[in-house]
Amino acid sequence: PALFQMSGSQPQLGRGVPCLRCRGLCTGFEPHSWRKICKSCKCSQEEHGLSSELDDDRKIGRLLSDSKYSTLTARLKGGDGVRIYKRNRMIVTNPNISGKDPTFDTITYEWAPPGLAQKLAMQYMELIPKELQPVAGTDGAFHRRRRLTRQLPLYDQDPAQCRGLAEGEQRLMEEFVKKYKAEALGVGEVALPGQGGGGKEEEKPQDKSIDPGRAPESPNGALESAPAAGHYRCETCKQPVPGDCPVVYADRAGYSRQWHPACFVCCRCAEPLVDLIYFWKSGAAWCGRHYCESLRPRCAGCDEIIFSEDYQQVEGLAWHKKHFACLECETLLTGKPFTLANASLLCTTCSQSR
């Protein structure tokens, strides 16, 4: 059984925490009834601090359970059968011999690719921009957890977290989630070029059946026989991949494709795919947020996916009809004059008083 470490040192941020953006003007998070913002300062809950590490691990555990990646989850003791993300943390101890008595510097990575020898995992980390390396207590760890919130909203997978679902739409959402887990959800694998999918032959036939409408892919520069170093190319930047540097494989893309660690990004927002969690569609990797939006509209009011066919659209944005309302006074604006700025709606009265 995998040894599973949880950190208890992170503060439990969330409700009641002053807003990071407002610099003290907002004294604490006051949740809006249906928007994902603070009633007081209109900033997102994210700006008031991130959810706890345990909440993050529960969310990813829920996402990966009931999928072929459930081996990355573990059953939580006393958790009523709930599965939790078996997040791979890496602790690196380096001797510091500058002083008279040698000491040790310990660096903790809050996430590292699972199943690798530490040397290869460290090589992977060094190929990520330093400001994005998830070292505990640094901006890199903070940005990783912000990407978890942004790319994988809990309300994109759990109907119980949604305020915008009408009667009968919960089943539609459950089917939507079940379908993307079966057909699109993936977790990247780190290996040396040519070594992806080792021992996973049984999964390879699935790659061929993902999108039967597509023509077979050419092997992207990877020769049929074992290629020499330099014959592999990164799927994103098209540059050669050195044979001794780790790359990322996405099993849903097939093992003839590989990415430099820094190039494994969402095709829509170009953000690094957090913890290598991707969604495969139309020959490209997407983050969860933009994959879901590519299939269904997202409400600009509550940020949830819209499952109704009857919704409001303005300038390429969509709203649940019940959420097409003024940001300030909450007046419903269907059939009324309004202004739209930064995806926020205002009635004429509130717009003039700003």
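Residues numbered from 1 in each chain as written. Predicted model: local features only at pLDDT ≥ 70, side-chain atom pairs only at ≥ 80, totals over all residues. Heavy atoms only, no water.

Some thoughts on the overall build of the protein
Put simply, the rule is: Runs of E in the DSSP output that reach at least two residues are strands. Runs of H or I that reach at least four are helices, and both are numbered from the N terminus. With a 1.4 Å probe rolled over the protein chains alone, any residue whose accessible area is under 20% of its type maximum counts as buried; one over 50% counts as exposed, and the rest are partly exposed. What makes two residues a contact is simply this: any of their non-hydrogen atoms within 4.5 Å. Only the protein chains shown count as covering a residue, and every accessible area follows the Shrake-Rupley method with a 1.4 Å probe.
The number of helices and strands found in the protein is seven helices and 13 strands. Taking all 354 residues of the protein together, the buried fraction comes to 46%. The long-range fraction of contacts in the protein, counting pairs at least 24 apart against all pairs at least 6 apart in sequence, stands at 52%. Just so you have it, the protein exposes about 18700 Å², and 51% of that area is on carbon and sulfur atoms.

Some points on the sheet that holds strand β8 (residues 277-281)
The condition that has to hold: Strand pairing is defined by DSSP finding a minimum of two bridges between the two strands. Interaxial angle, 0 to 180 degrees, is taken between N-to-C directions of lines fitted to C-alpha atoms, where a helix line uses only the stretch in contact.
Strand order in the open sheet formed by three strands is β5-β8-β9, and the pairing between neighbours is antiparallel. Across the chains shown, the open sheet's two edge strands, defined by having one partner strand only, are β5 (185-187) and β9 (284-286). Here the average twist between neighbouring strands, direction ignored, is 45°. Looking at chain direction, β5 and β8 are connected through three bridges and run antiparallel. Paired with V187 across the strands is I277, a residue of β8.

Quick word on the pattern of salt bridges
As a reminder, the rule being used: When a carboxyl oxygen of Asp or Glu is within 4 Å of a side-chain nitrogen of Lys or Arg, the pair counts as a salt bridge.
For the structure on display, the rule yields 18 salt bridges. As a salt-bridge pair, E328 and K42 come within 3.8 Å of each other at their nearest N and O atoms. Here E328 is found in the loop between β11 (317-320) and β12 (338-341), whereas its partner K42 is found in the segment before α1 (53-64), with 286 residues between them in sequence. Here R298 makes a salt bridge to E293, at a shortest N to O gap of 2.5 Å. When its relative accessible area of 10% is taken as the criterion, R298 is described as buried.

Examining the nonpolar core
How we decide: Among the buried residues, those of types Ala, Val, Leu, Ile, Met, Phe, Trp, Tyr and Cys that are joined through side-chain atoms within 4.5 Å form a nonpolar core.
Counting 58 residues, the largest nonpolar core has F264 and F279 as the members making the most contacts within it. In this view, F279 contacts L63, L152, Y180, A184, L185, A284, A285, W286, C287, G288 and Y291; residues no more than four positions away in its chain are not counted.

Points about the packing of α1 against helix α3 (residues 139-151)
Stated precisely, the cut-off is as follows: Any angle between 65 and 115 degrees counts as roughly perpendicular, while under 35 counts as roughly parallel, over 145 as roughly antiparallel, and the rest as oblique. Working rule for handedness: look at the near helix, and if it is turned counterclockwise from the far one by less than a right angle, call the crossing left-handed; if clockwise, right-handed. Side-chain classes are defined by residue name, with Ala, Val, Leu, Ile, Met, Phe, Trp, Tyr, Cys and Pro counting as nonpolar, Asp, Glu, Lys and Arg as charged, and the others, Gly among them, as polar.
Here α1 crosses α3 at 45°, and the two axes come no closer than 11 Å. As summarised for this structure, α1 and α3 are arranged oblique, according to the angle between their axes. The two elements α1 and α3 meet at a crossing, and its hand is left-handed. Note on element contacts: α3 touches α1 through R145, L148 and T149, opposite E53, D56, K59 and I60. For the contact of α1 with α3, the per-class residue count stands at two nonpolar, one polar and four charged.

Observations regarding the packing of aromatic side chains
To keep it simple, the criterion reads: Working definition: rings of Phe, Tyr and Trp (its six-membered ring) pair if their centres are within 6.5 Å, and the pair is stacked with planes under 30 degrees apart, edge-to-face with planes over 60 apart, and tilted otherwise.
Under the criterion given, the structure shown has 12 aromatic pairs. Taken together, F176, Y180, F279, Y291 and F307 form an aromatic cluster joined through their ring pairs.

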